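A look at the structure
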Amino acid sequence: MTQRIDKALIAEENAKLAGFLKEDYEALGNQLARDDINIEDITAKAEQFQIAVPSWGTGTGGTRFARFPGEGEPRNIWEKLEDSAVINDLSQCTERVSPHFPWDKVDDFTELKQTSDSLNLKWDSINSNTFQDQPGQAHSFKYGSLSNTRAESRDLAIQHNLDCIEWGKALGSKTLTVWVGDGSNHPGQQHFQSAFERYLDSMKQIYAGLPSDWELHIEHKMFEPAFYSTIIQDWGSNILAAMELGPQAKSLVDLGHHAPNVNIEMIVSRLIQFKKLGGFHFNDSKYGDDDLDSGSLHPYQQFLIFNELVDAQYRNQEGFGPNYMLDQSHNVTDPIESLMNSAASVQRSYVAALIVDRKKLSGYQQDNDALMASNTLKKAFTTDVSPILEMARFNRGGAIDPIAVYRASGYRAQAGRERPNSGGNGSGIV
């Protein structure tokens with residue numbers, strides 16, 4: 001097992017910054033106090049915030065043209081857990097890992113659960129994979145899985161999802177996330193309604209296998225690998241499917257899976273209103289489903305999404321309790337660094353949304369004062385809440401500056417020595 005970050009190193013590096021943090025934290029506290037905001041209350045909520053790490057995100061991504069293996073990238077789920085533990089040791093807001101099967105399938109799930117427990121990690125949503133054929137697979141998913149015209153392929157996809165539920169139960173998860181690449185690439189290739197009916201029939205069989213305390217999260221995607229039509233192409237088809245299946249079925253929002261210029265925060269509001277918001281895959285995009293680091297391009301949009309989420313929390317919205325997860329592909333950066341950076345970015349949006357003056361905002365909305373309503377949001381967004389994030393990490397035993405401590409530890413170089421590059425990809429992604 002690759003050696004984790006030495007707690008003594010974290011303490012040593014924190015000691016260098018603790019004095020500056022104290023000054024910055026007190027200054028921000030005084031600033032927030034002018035608006036009757038208690039910084040300690042906000043910090044306590046920041047300490048409770050958690051966002052899951054995708055197991056596949058700890059490896060190097062790729063494109064349709066090439067993949068450039070990273071130094072010491074994990075070759076299996078055991079090594080993915082080691083990297084995930086390092087991310088959480090330093091960030092202290094990523095205690096959950098979301099696995100992808102069959103990429104992360106093992107012979108002994110009891111052993112896997114014991115390993116995650118020893119690393120102080122928990123399991124988030126289970127992700128099934130029927131968007132590619134596995135070695136020795138009897139029936140192909142080339143022309144779809146849950147909506148395939150051939151019953152044999154559909155049955156195989158259904159059984160895989162039912163297996164995922166059983167594996168998830170062994171790990172202590174309570175959510176199954178289903179995304180399929182089903183669709184068509186040519187006009188006339190597929191009968192839209194019949195394909196959707198086959199998908200719903202398959203999903204009903206999976207839904208029937210859910211334990212009573214589980215949720216089924218449906219993920220939509222506009223395109224790729226189906227470029228002409230996709231079975232679950234947007235939030236409309238997503239929520240229709242979720243409503244057809246039942247109360248345990250909800251919609252999952254991936255920030256990269258929307259048409260250009262779509263108002264994602266309003267979609268989030270609609271899903272909350274109808275108790276169908278299951279969770280998020282946080283990332284960022286410039287052109288499409290780019291899977292870039294969260295908040296790297298559109299931090300204000302990310303903040304506006306959290307404004308809706310915190311508003312629902314503020315109003316004690318019935319049925320509200322979404323899962324938060326990162327879903328990114330790291331082609332040119334160290335995945336551990338990007339995941340830590342992204343977790344902090346999402347946490348920043350959450351904290352900024354917490355300091356929105358909701359009473360003033362509501363008043364401006366009632367008075368149709370568009371300028372002041374907008375300025376109320378902008379005031380919270382432009383407030384530098386870094387001292388709160390740093391103090392939250394410090395209070396929980398994490399690093400004030402996670403990336404600096406990670407680089408000082410030499411963890412990546414050590415992983416490179418212990419995980420020689422085989423030219424393959426243990427993350428599962430291509």
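Residues numbered from 1 in each chain as written. Predicted model: local features only at pLDDT ≥ 70, side-chain atom pairs only at ≥ 80, totals over all residues. Heavy atoms only, no water.

Identification of the protein chain as L-rhamnose catabolism isomerase from Thalassotalea litorea is taken from an unreviewed UniProt entry.

Digging into the overall build of the protein chain
Filter applied, for reference: Put simply, DSSP H or I for four residues or longer makes a helix, DSSP E for two residues or longer makes a strand, and each gets a number counted from the N terminus. Using C-alpha atoms as the atom set, the radius of gyration is obtained and then compared with a globule rule of 2.2 Å times the number of residues to the power 0.38. Areas reported here follow the Shrake-Rupley algorithm with a probe of radius 1.4 Å; residue values treat only the protein chains shown as occluding. In this count, Lys and Arg are taken as positive residues and Asp and Glu as negative ones, while His and the chain termini are left out. All charge positions are set by atom: Lys at NZ, Arg at CZ, Asp at CG, Glu at CD.
From N to C terminus, the protein chain includes 15 helices and 12 strands. On C-alpha atoms alone, the protein chain measures out to a radius of gyration of 22 Å, which is about the 22 Å that the 2.2 N^0.38 rule sets for 430 residues. Counting only C-alpha atoms, the protein chain reaches 65 × 60 × 40 Å along its principal axes. When the accessible surface of the protein chain is split by element, carbon and sulfur atoms take 49% of a total near 19,500 Å². In the protein chain, the 40 positive side-chain charges and the 58 negative ones have mean positions that sit 2 Å from each other.

So, the packing of helix α3 (residues 77–91) against helix α4 (residues 109–118)
Definition in use: Axes, fitted as lines to C-alpha atoms, cover a helix only where it is in contact. Angles between the N-to-C directions of the axes lie from 0 to 180 degrees. Under this scheme an angle from 65 to 115 degrees is roughly perpendicular, one under 35 degrees roughly parallel, and one over 145 degrees roughly antiparallel; angles in between are oblique. If you view the pair so one helix is near and one far, a crossing is left-handed when the near helix is turned anticlockwise from the far one by less than a right angle, and right-handed when it is turned clockwise. In what follows, residue pairs with any heavy atoms lying within 4.5 Å of each other are defined as contacts. As a working rule, the residues Ala, Val, Leu, Ile, Met, Phe, Trp, Tyr, Cys and Pro are called nonpolar, Asp, Glu, Lys and Arg charged, and the rest polar, with Gly in that last group.
Running from N to C, α3 and α4 point in directions that differ by 15°, and their axes come no closer than 10 Å. The pairing of α3 with α4 is recorded here as roughly parallel in orientation. Relative to α4, α3 is oriented so that their crossing is right-handed. Seen from α3, the contacting residues are I77, W78 and L81; seen from α4, they are E111, L112, T115 and S116. Residue classes in the contact of α3 with α4 are distributed as four nonpolar, two polar and one charged.

Looking at the sheet that holds strand β8 (residues 215–219)
Picture the strands of a sheet paired through backbone hydrogen bonds; they go either parallel or antiparallel. Test applied: Whether two strands pair comes down to DSSP finding at least two bridges between them.
Read across the sheet, seven strands follow the order β3-β5-β6-β8-β10-β11-β12 without closing on themselves; strand pairing throughout is parallel. A strand with exactly one partner marks an edge of an open sheet, and here the two such strands are β3 (100–101) and β12 (323–326). Relative to strand β6 (residues 175–178), strand β5 (residues 126–128) is paired through two bridges, and the arrangement is parallel. Note on β6: the bridge partner recorded for N127 is T177.

Topic: unusual backbone geometry
For the bond from F101 to P102, the omega torsion is 15°, close enough to zero to count as cis. The omega torsion of the bond from E224 to P225 falls at 5°, within 30 degrees of zero and hence cis. Assignment of secondary structure puts P225 in the loop between β8 and β9 (229–230). The phi torsion at D36 lies on the positive side, around 60°, for a residue other than glycine. Along the chain, D36 falls in the loop between α1 (7–33) and α2 (39–48).

Let's talk about the sheet that holds strand β2 (residues 96–98)
With parallel pairing, three strands are arranged side by side in an open sheet as β1-β2-β4. Of all strands in the sheet, those bounded by a partner on one side alone are β1 (53–54) and β4 (122–123). Direction of pairing for β2 relative to β4: parallel, over a ladder of two bridges. If you follow V97 over to β4, its bridge partner there is W123.

Overview of helix α10 (residues 335–354)
We apply this condition: Multiplying 1.5 Å by the helix residue count minus one yields the expected span of that helix. The classification of residues rests on relative accessible area computed with a 1.4 Å probe and restricted to protein chains. Under 20% of the type maximum is buried, over 50% is exposed, and intermediate values are partly exposed. Here a polar contact is taken to be a pair of N or O atoms separated by no more than 3.5 Å, where protein atoms must pair a possible hydrogen donor with a possible acceptor and residues adjacent in sequence count only if both atoms sit in side chains.
The terminal C-alpha atoms of α10, which comprises 20 residues, lie 29 Å apart, in line with the 28 Å expected from a rise of 1.5 Å per residue. Within α10, 18 of the 20 residues are buried, leaving the element largely enclosed by the surrounding structure. One side-chain oxygen of the residue at the start of α10 lies 2.9 Å from the amide nitrogen of I336, identifying that residue as D334.

Here's the deal with the packing of α1 against α2
Each pair of packed helices gets described by two things: the angle between the helix axes and the distance between those axes. Following both chains from N to C, one finds α1 and α2 inclined at 115°, their axes separated by 9 Å at the closest point. Overall, the two elements α1 and α2 adopt an arrangement that is roughly perpendicular. Here Y25, L28, G29 and L32 of α1 come into contact with α2, specifically with I39, E40 and T43. Its residues assigned to classes, the contact of α1 with α2 comprises four nonpolar, two polar and one charged.

Looking at the side chain of S229
Among the secondary structure elements, S229 is positioned in strand β9. A distance of 2.5 Å separates polar atoms of two side chains, one belonging to S229 and the other to S184. Each residue touching S229, except ones within four places of it in the same chain, is listed here: D182, G183, S184, Q190 and F192.

A closer look at the layout of surface pockets
Rule in force here: Put simply, the grid is 1 Å and covers the protein atoms alone, a cavity is a trapped set of points that fit a 1.4 Å probe, a pocket is an open set with protein on both sides within 12 Å along at least five of seven lines, and lining residues have an atom within 4 Å of a point. Grid points are joined across faces, edges and corners, and a volume is the space filled by probe spheres set on the points.
Each pocket or cavity is described by its volume, and for the second largest pocket that value is around 650 Å³. The wall of the second largest pocket is formed by 27 residues, among which I37, I355, V356, D357 and R358 lie closest to the centre. Counting residues per element, the lining of the second largest pocket draws most heavily on helix α12 (residues 370–382), which supplies five residues. Each residue belonging to the lining of the second largest pocket can be placed in one class, and the counts come to 11 nonpolar, six polar and 10 charged.

Some words on the environment of D182
With respect to the secondary-structure elements, D182 resides in the loop between β6 and β7 (183–184). Along the backbone, D182 and G144 are 38 residues apart, and their C-alpha atoms lie at a distance of 4.5 Å. There is a polar contact of 3.2 Å between the side chain of D182 and the backbone nitrogen of L146.

Some words on the environment of W214
Along the chain, W214 turns up in the loop between α6 (192–208) and β8. Residues W214 and R407, spaced 193 residues apart in sequence, show a C-alpha to C-alpha distance of 39 Å. Those residues in contact with W214 that lie beyond four places of it in its chain are I126, I165, G168, K169, S173, K174, T175, L176 and Q248. Of the polar contacts made by the side chain of W214, one reaches the backbone oxygen of S173; its length is 3.3 Å.

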